[in-house]
Amino acid sequence: MKRIGGVWDAIVAAASEDVRDAMRDGTYELHPLHHMTVHDRKRRVIDYACDEDKKLLSAVHKVLAPLLTRKIAPESYSSMKGRGQLKCQQRVERLVRRYRHGCFIKVDVRKYYPSIDHALLKEELRRYIKDRRLLEFLDRVTDHHEPGVPIGLAVSALMANLYLSRTIRHIQEDLGIDTVGYMDDLLFFFDTKEEANAFIPQLERLMEERRLTMHGGVHAVPVRTGVWFIGYVTRDTHVRLRKNIRERMRRRHRQLEKAGADDATYKRKMAPYFGWCIHADCLHLMKEMMGGRYKLFEKNVMEYKRLQDKKAARNWFGLPKEARESIRDLVGREMVIFESQEVEVFKERKAAVRYCYPGDEEHMHYFLTRSEVIMDRLAKDAGDWPAVVRMVEKEGKNGRKYLCYE
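What counts and how
- Residues numbered from 1 in each chain as written.
- Predicted model: local features only at pLDDT ≥ 70, side-chain atom pairs only at ≥ 80, totals over all residues.
- Heavy atoms only, no water.
- Helix = DSSP H or I, 4+ residues; strand = E, 2+ residues; numbered from the N terminus.
- Buried < 20%, exposed > 50% of the residue type's maximum accessible area, 1.4 Å probe, protein only.
- Contact = heavy atoms within 4.5 Å.
- Core = buried A, V, L, I, M, F, W, Y, C linked by side-chain atoms within 4.5 Å.
- Expected span 1.5 Å × (residues − 1).
- Bend = angle between axes of the 7 residues up to and from the residue.
- Pairing = 2+ DSSP bridges.
- Axes fitted to C-alpha atoms, helices over the stretch in contact; angles between N-to-C directions.
- Disulfide = S-S within 2.5 Å.
- Lys, Arg positive; Asp, Glu negative; His and termini not counted.
- Salt bridge = Lys/Arg side-chain N within 4 Å of Asp/Glu carboxyl O.

Novice: Before we move on, could you go through the overall build of the protein and cite the residues and values that matter?
Specialist: Of the regular secondary structure elements, the protein holds 14 helices and 15 strands. Across its three principal axes, the protein shows a C-alpha extent of roughly 80 × 60 × 40 Å. Considering the protein as a whole, with its 406 residues, one finds that 45% of them fall into the buried category. The long-range share in the protein, meaning contacts at least 24 apart out of those at least 6 apart in sequence, stands at 67%.

Next comes the structure, spelled out in structure tokens:
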């Protein structure tokens, strides 16, 4: 893997003129950090730099972030361009639909930033960066705060994402477990509860290797009960806001109503909550809460469907929901395929296939798949239906298994 090098001069050029000479000479000294305490569900101490240091750290982040983001596991999100909360939630929705009959494990690392080990972090930085002057500066930033890394600096989130990146990549690629990481919040999905329980000791060992501890007891939870993550509760049919966010939204609404806020003020103050709602099924919540003032947001596109309408829209070929079968249950079985069509399920391209079992044409079934292998084969065989096929599982060159039909 190619390491990042030759970027210190670009960082110096991006910094303000008053610190460039000291940066070139390597004599720049960081000033003491300032502190403030915030209370957002729990007490947090935020560290922030003086204006002079802030300009320098922003220059480092501006140059380094695009390069280092490519090295961080693609299943990791938060504080990276193109990999924010919305992209993370979209991945969670896809995995919830895939594992709707399975289980998940949610992990929250206890005091993540203060728990980051300096020696392990420096080791990770050297794994991806070879620029000596940049490494010396990042070492000084790391050692500037004890314990761990400070919350609030421009480069802190980048280093925090990097710290768990290899662990997330190992779980996703080597262990084959679908993973979502949002800074120190981790999600793991499994087909069965037994698989989830067998993974817990491995997870504890991996956290110990990183010198990290997990909040509370770690246990498997059925996906059908809803996956609570990054502010949403996600089910395979719909997405809702988490309860505490709904309560804050109602509290803000009541405060504005009591203060007699005009429409412009109301819209500006409620806009952050609308940003939450637009990515969930919250139109009814907004209408019920805001009344006539909901029209302030109506030019923004929000889809409004009743839950039963969403479920009914999934019954392709005019077949009832009970006619749908899991493609994994078809492995090793023969079937007669009659037709297939490309469909879009929650903005994800899939293929719907209508079939029956040989000698039982009165009872039709269908399955959905997002496998590119099967979808390409269906497109080639479109003129040959009906035909008898057998679903099989094969192993690719990289050792990973995939489904196809013969």
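Novice: Give a description of the nonpolar core that names residues and reports values.
Specialist: Core analysis: the biggest nonpolar cluster contains 67 residues, and Leu 64, Ile 105, Tyr 112, Ile 129, Leu 134, Phe 188 and Leu 203 have the highest contact counts within it. Among the elements that line this core, the one with the most residues is helix α8 (residues 156-174), at nine residues. In this structure, Phe 188 is in contact with Cys 103, Phe 104, Ile 105, Val 107, Ile 171, Ile 177, Asp 178, Thr 179, Phe 199 and Leu 203, ignoring residues within four places of it in sequence. The next biggest cluster of nonpolar side chains, apart from the first, holds 21 residues, and it includes Tyr 232, Leu 256, Cys 277 and Met 289.

Novice: Explain helix α9 (residues 193-209) residue by residue, including any values.
Specialist: Counted at 1.5 Å a residue, the expected span for α9 with its 17 residues is 24 Å, and the 25 Å between its end C-alpha atoms agrees. At Ile 200, α9 shows its strongest bend, of approximately 30°, with the proline Pro 201 following within four residues. Turning to α9, its buried residues are Ala 196, Phe 199, Ile 200, Leu 203, Leu 206 and Met 207. Of the surrounding secondary structure, the elements contacted by the buried residues of α9 are β4 (103-108), α8 and β6 (185-190). Phi for Arg 211, located one or two positions after α9, is positive at around 60°.

Novice: Please provide a residue-by-residue account of the sheet that holds β6, values included.
Specialist: The sheet built from five strands is open, its strands ordered β3-β5-β6-β4-β7 with mixed pairing. The open sheet terminates on both sides in strands that have one partner only, identified here as β3 (76-77) and β7 (221-222). Of the pairings in the sheet, the one linking β3 to strand β5 (residues 178-182) comprises two bridges and is parallel in character. The residue of β5 that forms the bridge with Tyr 77 is Tyr 182. Each of β3, β5 and β6 is contacted by helix α4 (residues 85-98), which is oriented at about 155° to β5, the strand it contacts most. α9 rests against β4 and β6 of the sheet, and its axis sits at about 145° to β6.

Novice: How would you sum up the sheet that holds strand β15 (residues 401-405)? Please name residues and give values.
Specialist: Spatially, the five strands line up as an open sheet ordered β13-β12-β11-β14-β15, and their pairing is antiparallel. If you trace the sheet from one side to the other, it starts and ends with β13 (365-369) and β15, each paired once. Put simply, the sheet's adjacent strands are angled 35° from each other on average, direction ignored. Direction of pairing for strand β11 (residues 334-345) relative to strand β12 (residues 348-356): antiparallel, over a ladder of nine bridges. In the strand pairing of β12, Ser 340 is matched with Val 353. Across the sheet, helix α14 (residues 372-380) touches β11, β12, β13, β14 (387-395) and β15, and the angle it forms with β15 is around 15°.

Novice: Just give me the short version of the state of the cysteines, but keep the residues and values in it.
Specialist: With the rule as written, the count across this model stands at zero disulfides. The thiol sulfur of Cys 277 is not disulfide-bonded, and the nearest other cysteine sulfur, from Cys 282, lies at 4.4 Å.

Novice: An account of the side chain of Arg 91 is requested, with residue identities and associated values reported.
Specialist: For Arg 91, the location among the structural elements is in helix α4. Of the side chains with opposite charge, Asp 178 comes closest to the buried, unpaired Arg 91, at an N-O distance of 4.1 Å. Other than its neighbours up to four places away in sequence, Arg 91 contacts Glu 75, Tyr 77, Gln 172, Asp 178, Thr 179 and Val 180.

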